[in-house]
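Chain by chain, the residues:
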Amino acid sequence: MAKKRILLLLLSVVMLLSIVTACSGNNGGNQQSSGNNSSGNTGGNAGGEETLEPVTFTFFNAGSSRQDVLTSDTDIGALYAEETGVSFQIEHLVGDVQTKIGTMIAGGEYPDVLVADTEIDKVVEAGGFIDLTDLIEQYGPNIKKVYGPYFDLITHRDGSIYFLPFSPQVGEYIPSPVIDQGAFWIQQRVLKEFNYPKIKTLDEYFDLIRQYAAKYPNEDLVGFTSLTHDWRYFAMTNPANHLAGYPNDGPVMVDMNTLEADDWHNNDEMKRWLKSLNDLYHDGLFDETSFVNNYDQYLAKLTSGKVLGYFDYGWQVNQASQNLKIAGDSDLEYFPLPIVFDANIKDQYLDPESFVHNRGIGITKSAKDPERIIKFFDYMLTEENQIRNQWGIQGLTYEVDENGRFYRTPEQIEKLRDNQYKQDVGLTYFEYYWPMWAQSSTLSDGNAHSPGRQPEVAQLDFTDAERAALEAYGVQTFSEMFSESDPRPWFPAWSIAFEQGSQEQIYEQRREDLVKRFLPRLTLADAGKFDSEWETYLSEFEKLGYTAQYEEYLSTKLKEKVAAVSGE
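Residues numbered from 1 in each chain as written. Predicted model: local features only at pLDDT ≥ 70, side-chain atom pairs only at ≥ 80, totals over all residues. Heavy atoms only, no water.

- If you check an unreviewed UniProt entry, the protein appears there as ABC transporter substrate-binding protein from Xylanibacillus composti.

Right under this line is the structure:
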């Protein structure tokens, strides 16, 4: 298998060189011609003499729990190592992100490169990242081109740039035809059993699960499960916000007219959502392990085929979804639905165009060669390498037709459903968590930056059962089941960062602790005791204090972001 891939790689390199040669003589006819390659194809030589001496940098990624890897052991990483001499030893998160990053901060020792995820502000405040400003100026022509429009948003209040986010938009915005954001998911066998009913409200959704479970009482079915582990506990709380018709602005609902932020954790929508779960629990259909399972155990449960429904974001459950497709029993796969509280509420699950500026990748103070790393980052931002990181290797993971459209064959799509194969190619490790164009971006020739947003690729990836379900609902893609997103220039509110130790940051931490403590108490409350537990929760919430000031602070920051984005 490995030898076969190496042969394919060599063939691909020859093909790539042919394309580059052709490109130099005829830019108009080459789909991989670069509109953004300012530094050539040498790994970024803007600052002086280039070296290809092999080097391996360490990289800790707290945003993912995937298998650790030496990038040069993957097909894509081997090409990067050949072209630049650079490889990365990537370690992924195991266990609690706060503990892991906290240990780094306490010891003052970091990997060369760090994605600190939710703890990124703590690393910044601890001085863990170096300022990238001068490095970008000297070695980053592509970085300046891609991130330049966002420099005001990513510059820290001390004037430094400490990390590069993952979502700068390049070219036209392309919405996703599949659901990589939030949805209420339900097994396809449930929909099929009842002839694909049109359900919109939470009551209709849970009633369908109740009916199916009652019809098959001996199958040891789990009606509804959730996740409360670590920072991912939003899978349990965010539905309150979505059910009321709001997008994922994180901890607040934002009034589109006034830009006033409202913390929803103690409002009537939160109560209504948790009361619905409490009712489901007393019907024996809510999964109590939701409060003890870690992320891996949660994904394993979704893959088991026993869970009828759950709420989550497509990106967070992608691994389980792919495993279910590989298993081949389409009845056990999940179908996304834009569920709301009441039929007259317009759903807003799909993200509008956005820039998330409080997540990203940075070079740490422990890095042994920041110049070499920033050159590699800059090199990755060329269009050729963005294609490589998203589409893979032409002839191996995608093709190009006579009109220049990128596509994948059914065989390639089937192989890429295998998580191990995708890891071996390197797509798993390079398609995110690096300096990159937003996945909603467009290539200079009109192809989608991300294969999942190329309609013909997305539709080929659908199984026969998915196509049948979509046809039953009279649509061709999953996103057509959802309302279009309304423009929200501040989106998302959760990307607004707080200074470590600030009143806002302390309030959020205390609120998180309180919510996590009360989620099981409210959901599993004895019959007739939910309302009294809710009153206790409200009383404890009131003791947090600072809610009004927190909302006012966020409202101010939202207005500032809107002004910045609008050029005011």
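## Focus on the pairing of strand β9 (residues 307-313)
Consideration 1: Where burial is concerned, most of β9 is hidden: seven out of the seven residues are buried.
Consideration 2: As defined by bridge partners, strand β5 (residues 182-187) adjoins β9 across five bridges and the pair is classed as antiparallel. Its bridge partner being in β9, G182 is matched across the sheet by Y313.
Consideration 3: Across three bridges, the pairing between strand β6 (residues 222-225) and β9 is parallel. When the sheet's bridge partners are listed, F224 is paired in β9 with G309. (Buried < 20%, exposed > 50% of the residue type's maximum accessible area, 1.4 Å probe, protein only. Helix = DSSP H or I, 4+ residues; strand = E, 2+ residues; numbered from the N terminus. Pairing = 2+ DSSP bridges.)

## A closer look at unusual backbone geometry
Consideration 1: The step from F491 to P492 runs through a cis peptide bond, and the omega angle for that step is -10 degrees.
Consideration 2: Even without a glycine there, the phi angle at L259 is positive, about 60 degrees.
Consideration 3: By the secondary structure assignment, L259 is in the loop between β7 (252-254) and β8 (261-263).
Consideration 4: Taking relative accessible area as the criterion, L259 reaches 14% and is therefore assigned buried.
Consideration 5: One non-glycine residue with positive phi stands out, namely Y546, at about 70 degrees.
Consideration 6: Relative to the elements of secondary structure, Y546 occurs in the loop between α23 (530-544) and α24 (547-565).

## Concerning empty space enclosed by the protein
Consideration 1: Per the stated rule, a full pass over the model turns up two cavities of 30 Å³ or more.
Consideration 2: Roughly 50 Å³ of internal volume is contained in the largest cavity.
Consideration 3: Contributing to the lining of the largest cavity are F59, N61, R66, I90, H92, T428, Y429, Y432, Y433 and W434.
Consideration 4: Looking at the lining of the largest cavity, its residues break down into six nonpolar, three polar and one charged. (1 Å grid on protein atoms, 1.4 Å probe; cavity = no way out; pocket = protein on both sides within 12 Å on 5 of 7 lines; lining within 4 Å. Points joined across faces, edges and corners; volume = space filled by probe spheres on them. Nonpolar A, V, L, I, M, F, W, Y, C, P; charged D, E, K, R; others polar.)

## Things to note about helix α12 (residues 268-282)
Consideration 1: End to end, α12 covers 21 Å across 15 residues, agreeing with the expected 21 Å (1.5 Å per residue, within 8%).
Consideration 2: M270, W273, L274, S276, L277, N278 and L280 are the residues of α12 that are buried.
Consideration 3: Once α12 finishes, G284 follows within two positions and takes phi at roughly 75 degrees, a positive value. (Expected span 1.5 Å × (residues − 1).)

## Looking at the pattern of salt bridges
A side chain with one charge can pair with a side chain of the opposite charge if their charged atoms come near.
Consideration 1: Following the criterion strictly, the structure yields 31 salt bridges and no others.
Consideration 2: Here E260 ties to K559 by a salt bridge, and the two come within 2.8 Å at their closest N and O atoms. Of this pair, E260 sits in the loop between β7 and β8 while K559 sits in helix α24, and the two are 299 residues apart along the sequence.
Consideration 3: Take E260: its relative accessible area is 36%, and that puts it in the partly exposed class.
Consideration 4: By relative accessible area, which is 35% here, K559 ends up partly exposed.
Consideration 5: One salt bridge in this structure joins K325 and D461, with 3.7 Å as the shortest N-O distance. Residue K325 is found in helix α14 (residues 318-327), and its partner D461 is found in the loop between α20 (455-460) and α21 (464-472); the two are separated by 136 residues along the sequence. (Salt bridge = Lys/Arg side-chain N within 4 Å of Asp/Glu carboxyl O.)

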